[in-house]
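Coordinate inspection notes
What follows is the residue order along each chain.
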Amino acid sequence: MHTTRSYRQRGLECTEYVIDVPLDHDRPGGEQIQVYAREVVDTTQPNAESLPRLVFLQGGPGGKGPRPVSRAGWLERALKDYRVVLLDQRGTGLSTPANRQTLPRRGTPADQADYLSHFRADAIVRDAELLRRALQGDEPWTALGQSFGGFCALSYLSYAPEGLREVFVTGGLPPLSATPDEIYQVTYSRAVEKNTAYFARHPDDRDLCARIVDHIRDHDVRLPTGERLSPRRFQGVGMRLGMRNDFDALHYLLEEAWVDGVAGPDLSDTFLAAVGQGASFASGPLYAVLHEACYTQRAASAWSAERVYALRPEFALDPDTPFLFTGEMIYPFLFDEDPALVPLREVAHVLADKDDWPALYDVDRLGANDVPVFAAVYFDDLYVAREFSLATAASVRRVTPWITNSYEHDGLRTGKVLDHLFALAKETP
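These remarks concern the structure in this document. Quick caveat: nothing in here was measured; it's all calculated off a predicted structure. (Residues numbered from 1 in each chain as written. Predicted model: local features only at pLDDT ≥ 70, side-chain atom pairs only at ≥ 80, totals over all residues. Heavy atoms only, no water.)

**Notes on helix α8 (residues 244-254)**
Counting along an α-helix, one turn takes 3.6 residues, and residues three or four places apart therefore face a common direction. As a reminder of what qualifies: Partly exposed describes any residue whose relative accessible area lies between the buried limit of under 20% and the exposed limit of over 50%, with all areas from a 1.4 Å probe on protein chains only and scaled to the type maximum. Numbering of helices and strands starts at the N terminus; helices are DSSP runs of H or I of at least 4 residues and strands are runs of E of at least 2. Summarising the geometry, the arc corresponds to the directions from the helix axis toward the C-beta atoms. Only heavy atoms enter the contact rule, under which two residues are in contact if any of them lie within 4.5 Å.
The complete set of buried residues in α8 reads F247, L250, H251, L253 and L254. For α8, the buried positions fall inside an angular range of 160° around the axis, keeping them on one side. Exposed and facing more than 90 degrees away from the buried side of α8 are N245 and Y252. In this fold, the buried residues of α8 make contact with α5 (180-201), α6 (204-218), α7 (231-235) and α9 (269-279).

Have a look at this one:
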């Protein structure tokens, strides 16, 4: 490991680290890739240099660590008690990147798929362990997992619990053994609930969305990036419904959808630019490529979300079916339509057919877990269904769940969720 630089900004001392890790941790002498992390310390805190470390495991998959510009939100709260390590998970940010520009260097789609098979939670936590040992030897640290970061935290508890002093999870207790099909059946139902709540608040938007779908179907509507906007890609804008900060922002997007053009009503550039930005995976392609793989164990996902979609007629885009948005699902058509994903189409299909994924969790070891875990479970979570999170909380020893409908999946932003979990930790023997 080496330190690239240290600097100060807005009362924060930032130190950057780069560590070489094996691509395949079961072959430590094989190919190496780099993993980047930024340690942040609040220099205004007493004895800041002696505070214990907390590693932040970002949501995703395919999410890089946050880029701090202030001490606001959850980071401000965490920095009162910890030195915070913001990890760029392998393939993201300043870690060795994996995207449409770099993956073709690996060779065939099969070669690329083999490479990406080492980018799931089990490899991420083994990277984190190498970083921890480089920073502080045998001393364990605290982990905070947001969303997919919580999935990583449970893999951490499965395969390297000796590295953890305590764990905090926000909206991310994963299903331990459910299949992708079982997961998507529940998350589609949760998407129906979110749509019901949304259209109850903005009832005129349902007909507005139906008009937009009809227009997209009948016209060659182009996004600013040049590709045609399809009805199903517009339907996917509903991924935003799971974030409290974005729930009403969707309405503000829709209210600017139409302008009077030369040939009649037309979709505005303002609307199309916002849809294009929200529908693009250019800044996080691994989210799409590895999304179903983050659930899959010892079987192929076989495009689970697409297959379950076909079994849910309430999402049909036809004139006789009231419009519904979809949620956090990845579909094969995205790899035909999104310019950031088109070059990854073949590798995505190879990964969808892969049927020899290793287990992500050691259920027996989790049942005997001795590391305290404090987890926020959002009752109405669109992305990580409470049914699976509560089953996991009951199956893993020493998990203290906090079930709340006061926050959505982005509740960590405020810092209040973390404050509550830290208080739980202090109250728990």
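**Examining the sheet that holds strand β7 (residues 164-170)**
Put simply, the test is: Here a strand pair is declared whenever DSSP counts at least two bridges between the two strands. Fitting a line to C-alpha atoms yields each axis, with helices limited to the stretch in contact; the angle taken between N-to-C directions then spans 0 to 180 degrees.
In spatial order, the strands read β1-β2-β3-β5-β4-β6-β7-β10-β11; together these nine strands make up an open sheet with mixed pairing. Two strands lie at the open edges of the sheet, namely β1 (2-9) and β11 (399-404), each paired on one side alone. Taken over all neighbouring pairs, the strand axes of this sheet differ in orientation by 20° on average, direction set aside. With five bridges connecting them, strand β3 (residues 32-42) and strand β5 (residues 83-88) associate as antiparallel partners. Each bridged residue has a counterpart across the sheet, and for Y36 the counterpart in β5 is D88.

**Side note on the pairing of strand β2 (residues 12-22)**
Within β2, ten of the eleven residues are buried, which leaves it mostly tucked inside the rest of the structure. Examined bridge by bridge, β1 and β2 share seven bridges and lie antiparallel to one another. Bridge assignment links Q9 to a residue of β2, and that residue is L12. From the end of β1 to the start of β2, which pair antiparallel, there are two residues, and R10 there has a positive phi angle of about 50°. Relative to β3, β2 is paired through eleven bridges, and the arrangement is antiparallel. Residue pairing in the sheet places E13 in a bridge with V41 of β3.

**Remarks on the nonpolar core**
Rules: Among the buried residues, those of types Ala, Val, Leu, Ile, Met, Phe, Trp, Tyr and Cys that are joined through side-chain atoms within 4.5 Å form a nonpolar core.
One finds L116, F234, L254, F271, F325 and F335 to be the most contacted residues of the largest nonpolar core, which totals 110 residues. Per element, the largest residue contribution to this core is seven residues, and it comes from helix α4 (residues 148-159). Those residues in contact with L254 that sit more than four places away from it in its chain are Y198, D205, L208, C209, I212, F234, F271 and F325. One finds L54, F374, V417 and L424 within the second-largest nonpolar core, a separate group that totals 26 residues.

**Some words on the packing of aromatic side chains**
Both the distance between ring centres and the angle between the ring planes are used here to describe each pair of aromatic rings. As a reminder, the rule being used: Planes of paired rings set the category: under 30 degrees apart is stacked, over 60 is edge-to-face and the rest tilted, where pairs are Phe, Tyr or Trp rings (Trp by its six-membered ring) whose centres lie within 6.5 Å. The criterion is that NZ of a Lys, or CZ of an Arg, lies within 6 Å of the ring centre and within 35 degrees of the ring normal, and then a charge sits over that ring.
Scanning the model with the defined rule gives 24 aromatic pairs in all. Both rings, one in Y82 and one in F422, keep their centres 5.7 Å apart while their planes meet at 55°; by these two values the pair is tilted. Placement of Y82 in the loop between α1 (73-78) and β5 and of F422 in helix α16 (residues 416-427) is noted, with a sequence separation of 340 residues between them. By relative accessible area, Y82 is classed as buried at 6%. F422 sits in the buried class, given a relative accessible area of 4%. Plain terms: the ring middles of F234 and F323 are 5.8 Å apart, the flat faces sit at 35° to each other, and that makes the pair tilted. Here F234, found in helix α7, pairs with F323, found in the loop between α11 (304-310) and α12 (334-337); they are 89 residues apart in sequence, far enough to count as distant. Across this residue pair, the class does not change: F234 and F323 are buried. Each member of the aromatic cluster is reached from another via a ring pair, and the members are Y198, F199, F234, F247, F271, F323 and F325. Over the face of the ring belonging to Y331 we find R232, whose NZ or CZ atom lies 4.5 Å from the ring centre. A cation sits over an aromatic face here: R386 above F379, 3.8 Å from the ring centre.

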